[in-house]
Amino acid sequence: MLAAIREPADVRRLPRAVLPRLVEELREALIELGATQGGHFAGSLGVVELSVALHAVFDTPRDRLVWDVGHQAYGHKALTGRLGALPRIRRADGPSGFLRRSESPFDAFGAGHAGTSLSAALGIAEALRRRGEPACAVAVIGDGGATAGMAFEALNHAGELARQGAAPALRVVFNDNGMSIAPNVGGLSRSGDVRGYVEALGLAYRGPVDGHELEALLDALAALRAASGPAVLHVRTRKGRGFAPAEADPFAWHATAPFERASGARRAAAAAPPTWTACFADALARVAARDPRVVAITAAMPDGTGLDRFARRFPDRVYDVGIAEQHAVTFAAGLAAEGLRPVCAIYSSFLQRAFDQVAHDVALQELPVTFALDRAGLVGADGPTHHGVLDLAYLRAIPGLVVAAPRDENQLQHLLATAIDSGRPFALRFPRGAACGVALDPDPKPLPIGCGELLRDGADVALVALGRTVPPALAAAEALAAQGISAAVADARFVKPLDEALLADLAERVGVVVTIEDHVLAGGFGSAVLELLAARAPATRVRRLGIDDRVVEHGEQDEQWREVGIDADAIAAAARAALSESARPARRRARR
């Protein structure tokens with residue numbers, strides 16, 4: 001039956017009595033997909049009945065369906081013409097793991113960050129009302145998205161519009177599964193008084209209804225669709241429903257690598273060094289062991305940021321504030337104002353949501369908050385909503401903020417110690433995936449702020465790299481040496497402040513500089529070097545390698561690095577081209 005579903009209209013044509021069979025087939029398809037491909041898993045399993053019921057009741061895409069985040073939406077993708085493409089999900093030739101307007105007319109609003117659905121759906125509903133179009137905008141929010149500040153702001157505004165008599169056709173399905181990625185936190189999730197909160201804001205409340213009782217769910221959604229004005233349906237679901245290991249531990253099964261379908265055992269992966277995230281967590285524990293002022297903050301991502309690992313050693317020194325990055329940063333500022341040394345561990349792309357708090361509440365007051373920016377750079381399968389490729393540009397513009405990036409896990413621990421010891425606002429970015437596998441010094445020790453390191457000297461070209469791009473720069477230098485080209489390699493280590501003496505000396509001695517960064521070119525590390533050399537060594541020829549003005553799609557990280565031209569081969573080719581361009585004016589002068 002599932003294979004015959006080409007679009008949601010096919011679901012609506014089915015007799016109600018056979019929808020349970022469709023639910024069963026869809027759940028089995030999602031379990032098989034998780035077993036063979038991995039990806040976000042437990043969230044979509046928990047809303048199989050809801051996915052079928054939504055498309056059975058609402059006239060999608062005429063009724064706009066807005067899913068929060070997209071963790072829950074694999075079943076939605078299967079019912080909207082993408083079933084055959086799901087085995088390639090999150091790969092370069094397949095669909096995104098999140099919602100994308102460009103991918104399907106049934107994805108009414110794109111999302112990869114949590115908490116946006118209510119604001120977007122309210123805007124859509126108001127636009128429909130203003131056009132006189134008799135359709136609904138349905139926001140499905142769950143997996144902790146309701147802890148985000150935007151969700152509260154949207155509900156408050158919806159209540160005000162209803163009070164004014166505008167009454168946009170906003171329909172909210174609150175998927176109450178008790179989870180974000182980790183278990184939900186916050187007073188609202190503990191009290192369970194959703195009804196009181198919703199009604200206090202002026203919205204109609206219905207429920208709760210069992211999200212796995214299909215008949216009751218269909219009736220409740222039909223009543224929700226027929227409501228007048230903004231209304232909320234409270235649906236209780238179980239994350240991981242239908243796959244016993246995921247039901248037992250939805251936290252661990254939120255996202256998964258491929259596994260054995262029968263047992264749930266993860267398939268053995270090739271041996272690899274610890275992840276950057278694990279190395280960060282261990283380094284933080286070592287620093288915290290000697291400094292009782294150190295506390296850690298996560299915005300609903302204890303496992304993703306490694307703070308679950310840190311919490312096993314220091315359970316009373318970790319705060320999970322829910323999906324609330326803005327609050328996390330200003331909360332950290334308050335802790336710092338009273339003498340603590342808070343470390344905000346937040347994905348690079350998620351910290352974008354708290355730019356004003358970093359600038360206004362931390363940096364302006366010169367408070368010693370450390371930002372540990374996990375998943376900096378190109379992140380692979382999660383794609384453009386999760387690439388951390390804007391942080392250097394938006395952070396280096398903030399006065400007084402130190403910005404650094406380690407080339408390996410040993411330098412990571414030293415830079416973390418530097419950040420906490422500095423007593424300054426400090427941002428430390430590091431990538432996703434396996435670290436380099438280098439040996440660690442026994443103790444993390446502070447490094448001089450603003451000092452880079454010359455790793456290899458050379459006379460023809462200088463490769464100035466940052467963070468994860470240092471190893472491919474060294475590999476490129478080896479390849480160039482085999483071709484008779486002498487390449488210096490410098491690890492800048494700090495983007496702000498730059499090591500002016502090191503960079504100016506290299507530029508003056510060598511004359512040709514290639515900068516490499518896992519970041520957009522606009523306003524990034526290469527731009528910072530250009531600004532410096534414009535004043536200190538204006539005759540230097542500079543070529544910047546990084547991401548130009550485009551979106552890098554989902555796929556494997558190595559593929560993405562090749563695509564944007566920051567792997568070892570591309571760095572060597574860019575160095576040769578820069579040398580060739582530098583030599584042309586000299587040859588022309590010689591002919592004259």
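Everything numeric here is computed off the predicted structure, so don't read it as measured data. (Residues numbered from 1 in each chain as written. Predicted model: local features only at pLDDT ≥ 70, side-chain atom pairs only at ≥ 80, totals over all residues. Heavy atoms only, no water.)

Caption draft 1: Structural context of the overall build of the protein chain. Scanning the protein chain from terminus to terminus reveals 23 helices and 19 strands. Against the 2.2 N^0.38 benchmark of 25 Å for 592 residues, the protein chain shows a C-alpha radius of gyration of 26 Å, consistent with a compact globule. Each principal axis of the C-alpha distribution contributes one length, and for the protein chain these read about 85 × 55 × 50 Å. Counting the 592 residues in the protein chain, one finds 57% classified as buried. For the protein chain, the proportion of contacts with a sequence separation of at least 24, taken over those separated by at least 6, is 77%. Surface accessibility of the protein chain: about 22,600 Å² in total, with carbon and sulfur atoms responsible for 52%. (Helix = DSSP H or I, 4+ residues; strand = E, 2+ residues; numbered from the N terminus. Rg over C-alpha atoms; globule rule 2.2 N^0.38 Å. Buried < 20%, exposed > 50% of the residue type's maximum accessible area, 1.4 Å probe, protein only. Contact = heavy atoms within 4.5 Å. Areas by Shrake-Rupley, 256 points an atom, 1.4 Å probe, with all protein chains shown as cover.)

Caption draft 2: Expanded view of the pattern of salt bridges. Using the criterion set out here, one finds 43 salt bridges in the structure. Of the charged contacts in the structure, one is a salt bridge between Arg225 and Asp63, with a shortest N-O distance of 2.9 Å. A residue pair is termed long-range when its members are at least 10 positions apart, and Arg225 in helix α10 (residues 214–225) and Asp63 in the loop between α4 (48–57) and β2 (64–67) qualify at 162 residues. On the basis of relative accessible area, Arg225 is assigned to the partly exposed category, the value being 29%. As a salt-bridge pair, Glu247 and Arg238 come within 2.9 Å of each other at their nearest N and O atoms. (Salt bridge = Lys/Arg side-chain N within 4 Å of Asp/Glu carboxyl O.)

Caption draft 3: Quick look at the nonpolar core. By size, the foremost hydrophobic cluster in this structure holds 53 residues, and its most contacted members are Leu351, Phe371, Leu395 and Phe525. If we skip the residues at most four places from it in the chain, Phe371 touches Val329, Cys344, Leu351, Val358, Val362, Phe426, Ala427 and Leu428. Counting 50 residues, the second-largest nonpolar core is a separate cluster that includes Leu45, Val52, Leu86 and Val209. (Core = buried A, V, L, I, M, F, W, Y, C linked by side-chain atoms within 4.5 Å.)

Caption draft 4: Representation of the side chain of Arg171 in the model. Checked against the element boundaries, Arg171 lands in strand β4 (residues 170–176). The buried charged residue Arg171 lacks any salt bridge, with Asp63 as its nearest oppositely charged partner at 8.3 Å. In terms of polar contacts, Arg171 uses its side chain to reach the backbone carbonyl oxygen of Leu224, at 2.8 Å. Excluding its chain neighbours within four sequence positions, the residues that come into contact with Arg171 are Phe58, Cys136, Ala137, Val138, Ala139, Leu224, Arg225, Ala227, Ser228, Gly229, Pro230 and Ala231. (Lys, Arg positive; Asp, Glu negative; His and termini not counted. Polar contact = N/O pair within 3.5 Å; in protein donor to acceptor, adjacent residues only side chain to side chain.)

Caption draft 5: Geometry of unusual backbone geometry. In this chain, Gly207 is followed by Pro208 through a cis amide linkage whose omega measures 5 degrees. Take Pro208: it is sitting in strand β5 (residues 204–210). In this structure, Ala300 is a non-glycine residue whose phi angle is positive, near 70 degrees. By the element assignment, Ala300 lies in the loop between β8 (294–298) and α13 (307–313).

Caption draft 6: Just the packing of aromatic side chains, in detail. As enumerated under the stated definition, the model contains 12 aromatic pairs in all. Ring plane angle 20 degrees and centroid distance 5.0 Å describe the contact between Tyr347 and Phe350, whose orientation is recorded as stacked. Under the relative-accessibility criterion, Tyr347 is labelled buried at 7%. Ring geometry for Phe426 against Phe494: centres 6.4 Å apart, planes inclined by 75 degrees, an arrangement best described as edge-to-face. With Phe426 in strand β13 (residues 426–429) and Phe494 in strand β17 (residues 494–496), the pair connects residues that are 68 residues apart, well separated along the chain. This pair shows no difference in class: Phe426 is buried, exactly as Phe494 is. Taken together through their ring pairs, the aromatic side chains of Phe41, Phe243, Trp253 and Phe259 make up a single cluster. Just above the ring of Trp253 sits the side chain of Arg266; from NZ or CZ to the centre is 3.8 Å. Taking NZ or CZ as reference, Arg317 lies 4.6 Å from the ring centre of Phe314, over its face. (Phe/Tyr/Trp six-rings, centres within 6.5 Å; stacked < 30°, edge-to-face > 60°. Lys NZ or Arg CZ within 6 Å of the ring centre and 35° of its normal.)

In short, geometric facts, not functional conclusions.
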